[in-house]
Amino acid sequence: SVRLTGTKYGCGGGGCGACTVMLSRLQPATRTITHYSVNACLLPLCQLHGASVTTVEGVGSTKTRLHPVQERIAKAHGSQCGFCTPGMVMSMYTLLRNRPQPTMEDITQALAGNLCRCTGYRPIIDGCRTFCQVQNCCQKGEQNPDEPFLPLDPTQELIFPPELIVSANPKTLTFRGERVSWVSPSSLEELLQLKARNPEAPLVVGNSNIGPGMKFKGVLHPLMISPTRVTELFEVTRTPQGVWVGAGCSLTEVWSLLEKLLPQLAEEQTGLFRALIRQLGTLGSLQIRNVASLGGNIVSAYPNSDLNPVLAAGNCRVSVVSAGKRELPLNQDFFVSFGKTILKPEEILVSVFIPFSRKGEFFGAFRQAPRKESSFSTVTTGMRVFFSEGSRVVQDVSIYYGGMGPTTVCATKTCAAIVSRPWDDETLSQAYNVLLDELVLPLSAPGGKVEFRRSLTLSFLFQFHLEVLQKLKEMVKYKPKPLKWTTSFVFFDFSSTPLLRLLLLQHVPKDQSDQDPVGRPIMHRSALSHATGEAVYCDDLPATEGELFLALVTSSRAHAKITGLDASEALRLPGVVDVITAKDIPGQKARKLCGYEEELLAETEVSCIGQMLCAVVADSRSHAKRGAAAVKVAYEDLPDPAVEKSSFFEPRRTIERGNVTEAFESVDQVHEGELRIGGQEHFYMETQSMLVVPVGEETEFNAYVSTQFPTLMQEAIAETLSIPSNRVTCHVRRIGGAFGGKVVKTAALACITGVAAWKTNRAVRCVLERGEDMLITGARHPVLGKYKVWISRDKTIYSQEGLLIMLLKFLLHFDNAYNIPNLRGHAAACRTNLPSNTAFRGFGVPQSLLVVENMVEDVAALLRRPAHQIREINMYKGPSVTQYKLEFSPENLQRCWEECKLKADHGARRRAADQFNRENRWRKRGMSIVPIKYGIAFSDGFLNQAAALVHIYKDGSVLVSHGGTEMGQGLHTKMQQVASRELHVPASKVYISETSTNTVPNASPSAASCGTDANGMAVQNACQILYQRLEPIRLRNPKGSWESWVQTAFYEKMSLSATGFYKGPDLYMDWDKKEGRPYAYFTFGVCCCEVELDCLTGDYRTLRTDIVVDIGRSVNPSMDIGQIEGAFMQGLGLYTLEELKFSPSGLLYTRGPSQYKIPAVCDVPLRFNVYLLPDSSNPHAIYSSKGIGEPAVFLGSAAFFAIKDAAAAARSESGLVGPFSLNSPATAERACLACASPFTQKIPASKPGSFKPWALNI
């Protein structure tokens, strides 16, 4: 109602940071104001009594005054699609309110809970680091030396509202909703009475546990109790033995308290404190730690809790009250089952006692998680050992693990094997065997990763062993015997702050007009609107009168007949208006793609979990979701949904160069291998969003859709409603990220929403929850690649045969950069009972090329030669021809290769990495340098066309419309630059409002990296027509102004509007002849990556990345470098981090940021250098530029192969050499197991087929 739409809804679970706001409260005890960042999506409104909430609109505005944070992120090019930008701004703004001169560590910690899918984070960090007061930290001179930043003046910030500076309200606060009541007592006595009367009512402090359960699992709590005003829960008391910490204290407050106590105590007293601080630093995001309570973390009893094992190992205890009071030790008996403790329902945890450590008492805390920060742990541990003074005999020991069962577990038998024995290698060697027998996980254990988790328990104990040995040296002057396993072990902090640098190597010609913006690093035209929250996205559009919200009902079975669908209960619920089924569709009930039809709403049979069955429309989002949950669907299961052998879609494709059969007949050495590549979720920050509004006459509709393909939305809605396309207008202002995922499924969703609007004759809005989006819309295709290769004596790859489970672009790219004389590829798409996958940035090429490059790595391993040498020998040189007989010049590919080796100092660093590996047993460094040759344009020639409409108004302002959509790639900004150059006017006179089908009809999708190529030529054509039309006037009045020429043209009755059109190249591929010209040109690039791998846990850090890309003459270098960096980080996620997990029944487990991890700030390379190849040109695109949106995704594979290189170095320590399997993504689990350390080799290997796995291997 207040129209504050800047705060974005990205995931609903506190995992993405898009909804970050600043919360300010008065602390009654100190009368000070505290500011902290929080996730608005998890924070109950009822809990904000007495608090001040600042959203991005309160920070600054383009209409009044920008805040320096907003300005610097925008000017540093830190905003692309802009959907995450308000959250980034608020995280940084809150930090500056608390620390006006932050360190880089402060900045990276503040941003750790904010995800971005577009930029790669580097420009965001660069914008924020300008606030650092560290020497050589500020980079504003590099970014734009002629435009100084606004100074930060803390005295000008908003004050805390005086009306909130009042004494504490002693009264109980009660709020009643439709189904839930919220009570906030003001005293402990009242809280106890409430809990005694309502023992099942949950206590809510941070809502980081209860909230997601209610939102995503449908848990209903009729009464919720908020104890945030009970002072006893927040008191801190120091005793001679330790500290009592109130259970309601937030984790941030606990961290701050422990940090303050460190300098006040003797070092020997702070062992437990340091272990807790170590875990608190990576537990959740800062936004979560700011609200999640210590007591809540304990009683939630998550089996993979980071804190509970440490608290238990440290002999902590808790104070609980009900009718009486008691103290309980935090030990294995405290945690009784998953999510359960020994506390009685009416008991309340009041405080936690954290003891001081003693002399001779040492603590260890370790964790491994899918992502280094803001991620639930896979395995976590807390360890404590106590020695008498001057002795190395163990007096007492405690070892607790999380992630090794349904509760926090104590390794009791292992402790018994250690106690009363000297702490040495012999004792610990026996302990490893005991631990292995004691902590056994069933092979079907929830969470999977059984071998990895078991190996981590050993690795963590080994790491603790080494830490204690070091401390024993200092305490008892003990000199242990040199151990094979401890050689040169040094712990590495994988949370190192990024030290990043950017070089722009392209410059505009000296004679270019200052007014001409082409080739200059112009800021995104909407960057300031993104940073202030003023940018309008689909779901920001104001609701119209009578608007309804649509929620989908999806299949819960993978392969079944629908025997009944009962919506009667849903229709009786308050607010529910109607239920839309397939019977309501007046036109086409299915969408056809590539010759196959997919039903909009299933009628008789379902083929995957997540298939759409019907939709519920109601007067609000919550009512629609309740209605959808009330629809009852009956099924009859069909035979096993497992795919039959050789069940493929047609057609299957084959392509060949040379004669592979003859080549293999005449060889002696043949190598065969295979590689599995997992799928990848798009994770665009803005989920699928649309609003369909009936205009009111002649069956006309306005559709506001977040899509890359407005024309398809128009056609699909029209066909579904059986009306002409001219009755449907699709509007797209901007998209909060897409990456190929907002085309096919978006059309189906728009059709269903359109049917609902048609049937109810009311506006209908559909915005998917993150989990729904991930379940329904599909992802990047997973791939199984098999290959056979012959290597000649000169190290040339002479023959290659590939079998790839995917199609066209796979086969057109599987040569990559290599001139292999004989090669043959087969490709087929498998039938499955999983949701259909869809286009994703690169559309098959990143998978295809990874298989090829993995083959090259295998060849190098067989020949015992560096992989970069094999690549160089086989790379295209001189005039070349692809396997489909397209001639091209690889000169710029060679230049990129040599330039990257030079810029990266490849030779010297390769030698340094080898030396490092010789000196370190448990840390290994790996390097890889990988090229790419990527074809640009649609291989279906008819899609290579574009149109534009340009209007000049009497005041000289220019309005440009074109068929491309703005989704973060800066297309509108580049079109503004094109119009500015062609019309010879300042860019400020050119405006682009939206993309709509009523201004530019029949537009192709914004995809295939050719948006600028096609639309730029169309805009250029329209502007040239207009400028030529004005020529007579310009010649008559050469000294006149632009405005005077335009006005004269109007009075002389000249048209000041023109349509531009671009007829692209007639590209094609003849699969019968196996030849064609499917691409207009190639974009070349090379990436060199160096990583450091922890062989015990599989954790890695990208130390440095150097990228050289040939993009011709860039229209906007800042935009293009942003695309390169963002694509690289997306590729880094694809190849090393992001895993889609499906249950054996076909259910997607990973349906949100809590389970699915995309790269975060902690994953940015410590040095990240991007170079644009100088002196390059391209006659096939606007102003000699090249498409760049997709190619750089594959460059992320350099990190994958660097990890594999490091793993190979680790394997050599165990005598393992030659090719080995490492599937993608190279997660910590896969990297650790590939290293084949003595600990992983202790774990018995599981036999496939002997058990039912927790997740499918797809």
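Residues numbered from 1 in each chain as written. Predicted model: local features only at pLDDT ≥ 70, side-chain atom pairs only at ≥ 80, totals over all residues. Heavy atoms only, no water.

Per an unreviewed UniProt entry, the protein carries the name Aldehyde oxidase 6 and comes from Gasterosteus aculeatus aculeatus. Looking at the protein in UniProt, the text filed under Subunit (unreviewed entry) is "Homodimer." (UniProt positions renumbered as here; feature names shortened; annotations may be inferred.)

Caption draft 1: Spatial organisation of the overall build of the protein. The helix and strand inventory of the protein stands at 34 helices and 47 strands. With the principal axes as the frame, the protein shows a C-alpha extent of 95 × 80 × 70 Å. In the protein, the proportion of contacts linking residues at least 24 apart, taken out of those at least 6 apart, comes to 77%. With an accessible surface of roughly 47600 Å², the protein has 52% of that area assigned to carbon and sulfur atoms. Once the 132 positive and 121 negative side-chain charges of the protein are each reduced to a mean point, those two points are 3 Å apart. (Helix = DSSP H or I, 4+ residues; strand = E, 2+ residues; numbered from the N terminus. Contact = heavy atoms within 4.5 Å. Areas by Shrake-Rupley, 256 points an atom, 1.4 Å probe, with all protein chains shown as cover. Lys, Arg positive; Asp, Glu negative; His and termini not counted. Charge placed at Lys NZ, Arg CZ, Asp CG, Glu CD.)

Caption draft 2: Structural detail: the nonpolar core. Within the largest apolar cluster, 157 residues are counted, with the highest numbers of intra-cluster contacts made by Tyr 121 and Phe 1128. Beyond its immediate stretch of four places on either side in the chain, Tyr 121 contacts Met 88, Asn 114, Leu 115, Cys 116, Pro 1159, Ala 1160, Val 1161 and Val 1164. In this structure, Leu 600, Val 692, Ile 717 and Val 728 belong to the second largest nonpolar core, which totals 44 residues. (Core = buried A, V, L, I, M, F, W, Y, C linked by side-chain atoms within 4.5 Å. Buried < 20%, exposed > 50% of the residue type's maximum accessible area, 1.4 Å probe, protein only.)

Caption draft 3: Fine view of the packing of helix H14 (residues 425-438) against helix H15 (residues 450-476). Running from amino to carboxyl end, H14 crosses H15 at an angle of 160°, the nearest separation of the two axes being 10 Å. What the angle tells us is that H14 and H15 run roughly antiparallel. Taken as a pair, H14 and H15 cross one another with a handedness that is right-handed. Each of Asp 425, Leu 428, Ala 431, Tyr 432, Leu 435 and Leu 436 in H14 lies in contact with H15, whose residues at this interface are Arg 454, Thr 457, Leu 458, Leu 461, Phe 462 and His 465. Considering only residue class, the contact of H14 with H15 consists of 8 nonpolar, 2 polar and 2 charged. (Axes fitted to C-alpha atoms, helices over the stretch in contact; angles between N-to-C directions. Parallel < 35°, antiparallel > 145°, perpendicular 65-115°, else oblique. Left-handed = near helix turned anticlockwise from the far one by under 90°. Nonpolar A, V, L, I, M, F, W, Y, C, P; charged D, E, K, R; others polar.)

Caption draft 4: Region of interest: the UniProt feature "binding site: [2Fe-2S] cluster 2" (unreviewed entry) in the protein. UniProt tags Cys 81, Cys 84, Cys 116 and Cys 118 as "binding site: [2Fe-2S] cluster 2" (unreviewed entry). The largest pairwise C-alpha distance within this set of annotated residues, which runs over 38 residues, is 9.4 Å, so the set is compact in three dimensions. Mapped onto the elements of the fold, Cys 81 is located in the loop between helix H1 (68-75) and helix H2 (85-98). Of the residues examined, Cys 81 reaches a relative accessible area of 4% and is grouped as buried. Apart from residues no more than four positions distant in its own chain, Cys 81 is found in contact with Cys 118, His 530, Tyr 537, Ile 735, Gly 736, Gly 737, Met 967 and Gly 968. By the element assignment, Cys 118 lies in the loop between helix H3 (104-111) and helix H4 (122-129). Once you skip the residues sitting within four places of it in the chain, Cys 118 turns out to touch Gln 80, Cys 81, Phe 739, Gly 1122 and Gly 1126.

Caption draft 5: A look at the packing of aromatic side chains. The full count for this structure, using the stated rule, is 23 aromatic pairs. Here Trp 423 and Phe 464 contribute two aromatic rings whose centre-to-centre distance is 5.8 Å and whose plane-to-plane angle is 85°, an arrangement assigned as edge-to-face. You can see Trp 423 sitting in the loop between helix H13 (412-418) and H14 and its partner Phe 464 sitting in helix H15, a full 41 residues away along the chain. Here Trp 423 falls in the buried class, since its relative accessible area comes to 0%. Phe 464 gets classed as buried once you look at its relative accessible area, which sits at 1%. A network of ring pairs unites the aromatic residues Phe 362, Phe 387, Trp 423 and Phe 464 as a single cluster. Above the ring of Phe 840, the side-chain terminus of Arg 780 is found at 4.1 Å from the ring centroid. In this arrangement the basic side chain of Lys 933 is found over the ring face of Phe 1082, its NZ or CZ atom lying 4.4 Å from the centre. (Phe/Tyr/Trp six-rings, centres within 6.5 Å; stacked < 30°, edge-to-face > 60°. Lys NZ or Arg CZ within 6 Å of the ring centre and 35° of its normal.)

Caption draft 6: A negative patch on the surface, seen in detail. On the surface, Glu 597, Glu 599, Glu 603 and Glu 605 cluster together into a negatively charged patch. Tracing the backbone through its elements, the reader meets Glu 599 in strand E22 (residues 596-599). (Patch = residues over 30% accessible without salt bridge, like charges linked within 9 Å, V, L, I, M, F, W, Y side chains within 5 Å. Salt bridge = Lys/Arg side-chain N within 4 Å of Asp/Glu carboxyl O.)

Caption draft 7: Spotlight on unusual backbone geometry. Following Glu 650, the chain continues to Pro 651 via a peptide bond in cis, the omega torsion being 0°. The residue Pro 651 is located in strand E26 (residues 648-657) in this model. Cis geometry is adopted by the peptide bond preceding Pro 1225, which originates at Ser 1224 and carries an omega value of 5°. Relative to the helices and strands, Pro 1225 is located in the loop between helix H33 (1197-1213) and helix H34 (1228-1235). Here the phi dihedral of Asn 761 falls at roughly 55°; this positive angle occurs in a residue that is not glycine. Among the structural elements, Asn 761 can be located in the loop between helix H21 (744-760) and strand E31 (764-767).

Caption draft 8: Main features of the sheet that holds strand E4 (residues 173-176). With respect to topology, 3 strands assemble into an open sheet ordered E4-E5-E6, the strand pairing being mixed. Whereas interior strands pair on both sides, the edge strands pair on one side only; in this sheet they are E4 and strand E6 (223-225). Direction aside, neighbouring strands of the sheet carry axes that sit 15° apart on average. Strand direction decides the pairing type here: strand E5 (residues 181-184) and E6, joined by 3 bridges, are parallel. Within E6, the position partnered with Ser 181 by the bridge is Leu 223. (Pairing = 2+ DSSP bridges.)

Caption draft 9: Looking closely at the pairing of strand E1 (residues 20-27). Counting buried residues along E1, 7 of its 8 residues qualify, which places the element largely inside the surrounding structure. Strand direction decides the pairing type here: E1 and strand E2 (residues 32-39), joined by 8 bridges, are antiparallel. Its bridge partner lying in E2, Ser 24 is registered against His 35. Counted along the chain from E1 to the antiparallel partner E2, the turn is 4 residues long, and its residue Arg 31 has a positive phi close to 55°. Taken together, the 3 bridges between E1 and strand E3 (residues 52-54) define a ladder with antiparallel strand orientation.

Caption draft 10: View of helix H26 (residues 891-903). The terminal C-alpha atoms of H26, which comprises 13 residues, lie 18 Å apart, in line with the 18 Å expected from a rise of 1.5 Å per residue. Residues of H26 that are buried in the fold lie against helix H25 (867-874), strand E37 (923-936), strand E45 (1081-1094) and strand E46 (1100-1110). Phi turns positive one or two residues past the end of H26, at Asp 905, with a value near 50°. (Expected span 1.5 Å × (residues − 1).)

Caption draft 11: Region of interest: the packing of helix H32 (residues 1117-1136) against H33. Where H32 meets H33, the closest approach of the two axes is 7 Å, and the angle between their N-to-C directions is 40°. On the basis of the axis angle, H32 is oblique to H33. Here Leu 1132, Tyr 1135 and Thr 1136 of H32 come into contact with H33, specifically with Ser 1197, Ala 1199, Phe 1200 and Ile 1203. Partitioned by chemical class, the residues of the contact of H32 with H33 number 5 nonpolar, 2 polar and no charged.

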